[in-house]
Amino acid sequence: MPEAFEPRIVAIFCNWCTYLAADLAGTSRLKYAPNIRVVRVMCSGRVDPQFVLDAFASGADGVLLGGCHPGDCHYQEGNYKALRRYHLLRHMLEQMGIEPERFRLEWISASEGERLRVTVDDMVARIRALGPLRLPEEVPAS
Amino acid sequence: MDNGIRIGVYTCHCGTNIAGIVDVRNVAEYAAGLPGVAVSREYKYMCSDPGQELIQQDIREYALNRVVVASCSPHLHEQTFRTAVAGGGLNPFWFHMVNIREHASWVHLDKAAATAKARDLVRAAVRRVALHRSLEKGRVKIHPDVLIVGGGIAGIHAALTLANAGKHVYLVEREPSIGGHMAKFDKTFPTLDCAACILTPKMSAVRAHRNITLWSYSEVTTVEGYVGNYQVTVRRRPRYIDESLCSGCLECVEACVFKQAKVTDEFNMGLSKRKPIYIPFPQAVPQVPVVDPETCIQFKSGKCKKTCMDACGERHAIDLEMKEATERIEVGSIILSTGFQAFDARRTPEYGYGTYPNVYTALEVERLVNASGPTGGEVVLRDGRHPRTVGIIHCVGSRDEKTNRWCSRVCCMYSLKLAHLIKEHTEAEIFNFYIDMRTPGKGFEEFYQKLREEGVHFIRGRVAEVTDWALDPSEEGSLVIRVEDTLAAFVRRIPVDMVVLATGLEPRSDAQEVRRRFNVSCSTEGFFLERHPKLAPVSTFTEGIFLAGACQAPKDIPDTVAQAGAAAAEALALIDAGFIETEPNTAYVNEESCSGCGTCAPLCPYGAITYSEEVRKAAINQAKCKGCGTCVAACPSGSIAQNLFEDDEIFAEIEGILSYA
């Protein structure tokens, strides 16, 4: 029997909001799908689009970015920079044949452990429905 | 590995916190086989002394030069393990921490999946740590002055503690007087100390202290900078009376053309009236009146006889032309003690507040029983009667799914206190309606016992409604409290003359604005978030900003004062050290490959990046850089790097997570 598909999701969370939300989910003993692996950066503004591309190229079925809510960035406006890159990158991923649902940016504050749980479960369910990411050998000509 | 990297991996059981879900042995055995790993161990409590010694011994014995600890969140113990690694003779940044408790064992039920996750995370860390560079912590000088925001008992106590230690304090209070909520109370539980007798001497001490600059009627408008060097602007609202000239004689208030006070008195919770020129309460500090431009005739029509100015005479302290002023100060640390607001009882319409005149909030009753209150301490109802029966409803806006879910911690005790005081003043029969009596505190349970002995009734049950709809003649003219008595198991209707709503404590309505201004976080319910609930209860995630009092969570006066002392001690520790070590996670430019495009400079919110036209290169001021890494991600030529978060380290972590072994 073939093994059931378990999505592998790389999550890149900012140190001050979303990483703490994940800590809070832990201290609150909330339960969510075990499919994400968190990489901590200081700010979502640190997320180089290449990190996302590298994750997909290395076998991730999805990438989740987490930052502070607009106006709440620990570094004032790093999350806005992340948002700009996110939209551009999402567009690019689509052109590469990667479904936009596989790449997600969420604002989750340090107090939103529950929101983190819901987001992760939702993303895992969506990617489970999409199936594993199969990168085409070449980028299709547009 | 032939690059000389020798990694020690330590997987922590955390008692059963981790080991109960994650197969710790499996993770440790797995890690032992990873490239570069010289030793891999599991241990019950890695953060304990023996756990830390284990690392240090192995560093010597196995000639380790990198360490990975898989345990809890780095927010909890990263510093602990860095110190341990440094104690073993390595650079503290040759270390990486893996979070397999908050991010694995505590959030998953599937043991195999949680173990697999822990293995992935450890593998990623092993790859990452191999690339770690040695780094030095930076140092920032601490400006010795402290800003305290909020002049309730928390701010007052913190200010006096710091000022007595010889530090200069700016105490900023929004209201015309310091004192906060405590100034409104008559007595404090459980000792029935007179609140004014213990508070007002401290208020006077604030006024008199040469190390305290008190700015009342003022608000902090902007905060810039960082720990050790905050630049703060304070808006000082015009009170139309010069504090430096006023002697506090209050002749002006007496002389106001309003012979009868006609304006709602905020301090007395609207139970009395004041004049347009007024002092909030007799012991106010500063002892200087305020002119309310909304109601003063001179401001409204410009045609007042200005009898107040005549009364002031030669002092000329009244200046109706006074303008708002702005103060700019530099401080090294900040204490937020902005307090709470009482739950608005109108949000629970079933209890009839605002509908039935004889339904009161607890704060109103505090004023009623207060000797300096609107009735001189006499408990009279709005219709002039003295109550013969009183119902106190607990948990109004607390422990309620529809309003606030938390327990406000002080209401059970202040309800007991008010029951005692009302009984003392009126000999009324008193009913307390409670969900659970919560009396954990020194002398609290004894006080509860005392009240029972005094004959106060306690009925367990959440009140359904307060109504004036009488079902039989005995209820006519009364307020009827309808409640299920859950101990007697039947629904009761209890007619009373007066209802007191024990309203809960909630975050101030502008807490979110204040939070943003000071760059701190809020917890789910909206109170300011402490750095760690147990180990750093007065610190925030922003270095140099501390919390005291009910802005952090509902708490009583003893706990507030204790926390204020703790916050003052934290600020003192910073000041006396003279400097703080900073995380070496700053960004830096690789000049060789920098093309001088200038993309990075405008991205930095701290102005840390300068661009030299002369050499066509960017440079980053290490003292100004806060280490967000936004410029690093933006640099088109990859010429900006970030210490601790180097590109290759992050790539190694991502690829490590995804590489199936």
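From a predicted model like this one, the values you see are computed outputs, not experimental measurements.

### So, the pattern of salt bridges
Okay, step 1: Inspection of the entire model under this criterion finds 52 salt bridges over all chains.
Okay, step 2: Ionic pairing is found between Arg101 of chain B and Glu102 of chain B, a salt bridge with its closest N-O pair at 3.0 Å.
Okay, step 3: Arg101 of chain B sits in the buried class, given a relative accessible area of 10%.
Okay, step 4: Where Arg133 of chain B meets Asp648 of chain B, a salt bridge forms, and the shortest distance between an N and an O atom there is 3.1 Å. In this pair, Arg133 of chain B is assigned in the loop between α5 (111-129) and β5 (138-141) and Asp648 of chain B in helix α17 (residues 647-658), connecting sequence segments 515 residues apart.
Okay, step 5: When salt bridges that share partners are traced, they join Arg104, Glu106, Glu112, Arg115, Asp122 and Arg126 of chain A into one network.

### Some details on the interface of chain A and chain B
Okay, step 1: The partner chain B presents 51 residues to the 52 residues of chain A that form the contact.
Okay, step 2: For the pair chain A and chain B, the summed buried surface comes to about 4500 Å²; carbon and sulfur atoms form 57% of the total.
Okay, step 3: Broken down residue by residue, the surface that chain A buries against chain B is led by Arg8, Arg37 and Arg46 of chain A, which jointly contribute 17%.
Okay, step 4: With a closest N to O distance of 2.7 Å, Asp647 of chain B and Arg46 of chain A form a salt bridge.
Okay, step 5: Remark: the boundary between chain A and chain B carries 20 residue pairs in polar contact (both at pLDDT 80 or more).
Okay, step 6: For the side of chain A that touches chain B, the residue count by class is 26 nonpolar, 12 polar and 14 charged.

### Considerations on the side chain of Asn79 of chain A
Residue and element names in this part refer to chain A.
Okay, step 1: Note that Asn79 resides in helix α3 (residues 78-95).
Okay, step 2: Asn79 gets classed as buried once you look at its relative accessible area, which sits at 0%.
Okay, step 3: In this structure the side chain of Asn79 is engaged in a polar contact, spanning 3.0 Å, whose partner is the backbone oxygen of His69.
Okay, step 4: If sequence neighbours within four positions are ignored, Asn79 has contacts with Cys43, Ser44, Cys68, His69, Pro70, Gly71, Cys73 and Trp107.

### Concerning the side chain of Gln563 of chain B
Residues and elements named next belong to chain B.
Okay, step 1: The topology assignment puts Gln563 in helix α15 (residues 557-577).
Okay, step 2: Among the residues examined, Gln563 registers a relative accessible area of 8% and is labelled buried.
Okay, step 3: Among the polar contacts listed, one links the side chain of Gln563 to the side chain of Lys555, at a separation of 3.1 Å.
Okay, step 4: If sequence neighbours within four positions are ignored, Gln563 has contacts with Pro537, Val538, Leu547, Ala548, Gly549, Gln552 and Lys555.

### Concerning the state of the cysteines
Okay, step 1: Enumeration over the complete set of coordinates arrives at two disulfides over all chains.
Okay, step 2: One disulfide bridge connects Cys17 of chain A with Cys68 of chain A, the sulfur atoms lying 2.4 Å from each other. In this structure, the disulfide formed by Cys17 of chain A and Cys68 of chain A twists by about 105 degrees around the S-S bond and is classed as right-handed. Of the two residues, Cys17 of chain A sits in the loop between β1 (9-14) and α1 (18-27) while Cys68 of chain A sits in the loop between β3 (62-67) and α3, which places them 51 residues apart along the sequence.
Okay, step 3: For Cys17 of chain A, a relative accessible area of 6% gives the class buried.
Okay, step 4: Judged by relative accessible area, Cys68 of chain A falls into the buried class, the value being 4%.
Okay, step 5: Each sulfur in the disulfide pair Cys194 of chain B and Cys197 of chain B lies 2.2 Å from the other. Here the S-S torsion is close to 85 degrees, and the disulfide linking Cys194 of chain B with Cys197 of chain B is therefore right-handed.
Okay, step 6: Exposure remark for Cys194 of chain B: the relative accessible area of 27% places this residue in the partly exposed category.
Okay, step 7: Cysteine Cys43 of chain A shares no disulfide, and the gap to the nearest cysteine sulfur, in Cys73 of chain A, comes to 3.9 Å.
Okay, step 8: Summary of cysteine pairing: Cys625 of chain B is not part of a disulfide, and the nearest cysteine sulfur, belonging to Cys631 of chain B, is at 6.3 Å.
Okay, step 9: What makes Cys625 of chain B buried here is its relative accessible area of 15%.

### Quick word on the sheet that holds strand β24 (residues 463-467) of chain B
Residues and elements named next belong to chain B.
Okay, step 1: Across the sheet, which stays open at both edges, the three strands sit in the order β24-β25-β26 with antiparallel pairing between neighbours. Every other strand in the sheet has two partners, leaving β24 and β26 (490-496) as the edge strands with one partner each. With strand direction ignored, the average angle separating the axes of adjacent strands in the sheet is 20 degrees.
Okay, step 2: By the bridge criterion, seven bridges tie strand β25 (residues 479-485) to β26 in an arrangement that is antiparallel.

### Digging into the nonpolar core
All names here are of chain B.
Okay, step 1: Counting residues in each nonpolar core, the largest one holds 66 residues, and the members touching the most others are Leu147, Val232, Ile334 and Phe518.
Okay, step 2: Of the residues forming this core, the biggest block, eight residues, is contributed by helix α6 (residues 153-164).
Okay, step 3: Every residue in contact with Phe518, bar those within four places of it in the chain, is listed here: Leu147, Val149, Val220, Val223, Ile334, Leu336, Thr542 and Ile545.
Okay, step 4: If you look at the next biggest cluster of nonpolar residues, it comprises 42 residues, including Tyr10, Ile59, Leu90 and Ala114.

### A word on helix α13 (residues 444-453) of chain B
Residues and elements named next belong to chain B.
Okay, step 1: Taken as a whole, α13 has its buried residues at Phe444, Phe447, Tyr448 and Leu451. Along the long axis of α13, the arc covered by the buried residues comes to 100 degrees, so they all point the same way. Turned more than 90 degrees from where α13 packs its buried face, Glu446 and Glu453 sit exposed.
Okay, step 2: Looking at the buried side of α13, the elements it contacts are α12 (411-426) and β23 (457-460).
Okay, step 3: At the exit of α13 stands Gly455, carrying a positive phi of roughly 90 degrees.

### Thoughts on unusual backbone geometry
Residues other than glycine predominantly adopt negative phi, and peptide bonds predominantly adopt the trans conformation.
All names here are of chain B.
Okay, step 1: Residue Pro190 is bonded to the preceding Phe189 through a cis peptide linkage, with omega at -10 degrees.
Okay, step 2: By the element assignment, Pro190 lies in the loop between β8 (187-188) and β9 (193-194).
Okay, step 3: Each neighbour pair has its own omega, and for Val285 with Pro286 the value is 0 degrees, a cis peptide bond.
Okay, step 4: Residue placement: Pro286 occurs in the loop between β15 (277-278) and β16 (290-291).
Okay, step 5: The phi dihedral of Leu192 is positive, around 60 degrees, even though this residue is not glycine.
Okay, step 6: You can see Leu192 is positioned in the loop between β8 and β9.
Okay, step 7: Overall, Leu192 belongs to the partly exposed group, its relative accessible area being 22%.

### Some remarks on the environment of Val69 of chain B
All names here are of chain B.
Okay, step 1: Within the secondary structure layout, Val69 lies in strand β3 (residues 66-71).
Okay, step 2: A relative accessible area of 0% places Val69 in the buried class.
Okay, step 3: As for Val69 and His394, which are separated by 325 residues in sequence, their C-alpha atoms are 48 Å apart.

### Comments concerning the packing of helix α2 (residues 49-57) of chain A against α3 of chain A
Residue and element names in this part refer to chain A.
Okay, step 1: At their nearest, the axes of α2 and α3 sit 10 Å apart, and the two run at 35 degrees to each other. In this structure, α2 crosses over α3, and the sense of that crossing is right-handed. Touching Pro49, Val52, Leu53 and Phe56 of α2 are Arg85, Leu89, Met92 and Leu93, all from α3.
Okay, step 2: Looking at the contact of α2 with α3 residue by residue, the class counts come to seven nonpolar, no polar and one charged.

### Some points on the packing of α6 of chain B against α15 of chain B
Two measures define how a pair of helices packs: the angle their axes make with one another and the distance between the axes.
Residue and element names in this part refer to chain B.
Okay, step 1: One way to put it is that α6 packs onto α15 with a least axis distance of 8 Å and a crossing angle of 40 degrees. By the angle class used here, α6 and α15 are oblique. Pair α6 / α15 crosses with right-handed handedness. Residues Ile153, Ala154, His157, Ala158, Thr161 and Leu162 of α6 form the contact with α15, whose own contacting residues are Thr560, Val561, Ala564, Gly565, Ala568, Ala571 and Leu572.
Okay, step 2: Looking at side-chain class alone, the contact of α6 with α15 contains nine nonpolar, four polar and no charged residues.

Reading guide: rules and limits
Residues numbered from 1 in each chain as written. Chains lettered and ligands numbered in written order. Predicted model: local features only at pLDDT ≥ 70, side-chain atom pairs only at ≥ 80, totals over all residues. Heavy atoms only, no water. Salt bridge = Lys/Arg side-chain N within 4 Å of Asp/Glu carboxyl O. Buried < 20%, exposed > 50% of the residue type's maximum accessible area, 1.4 Å probe, protein only. Helix = DSSP H or I, 4+ residues; strand = E, 2+ residues; numbered from the N terminus. Contact = heavy atoms within 4.5 Å. Buried area = accessible area lost by both parts, 1.4 Å probe. Polar contact = N/O pair within 3.5 Å; in protein donor to acceptor, adjacent residues only side chain to side chain. Nonpolar A, V, L, I, M, F, W, Y, C, P; charged D, E, K, R; others polar. Disulfide = S-S within 2.5 Å. Pairing = 2+ DSSP bridges. Axes fitted to C-alpha atoms, helices over the stretch in contact; angles between N-to-C directions. Core = buried A, V, L, I, M, F, W, Y, C linked by side-chain atoms within 4.5 Å. Arc of directions from axis to C-beta. Left-handed = near helix turned anticlockwise from the far one by under 90°. Parallel < 35°, antiparallel > 145°, perpendicular 65-115°, else oblique.

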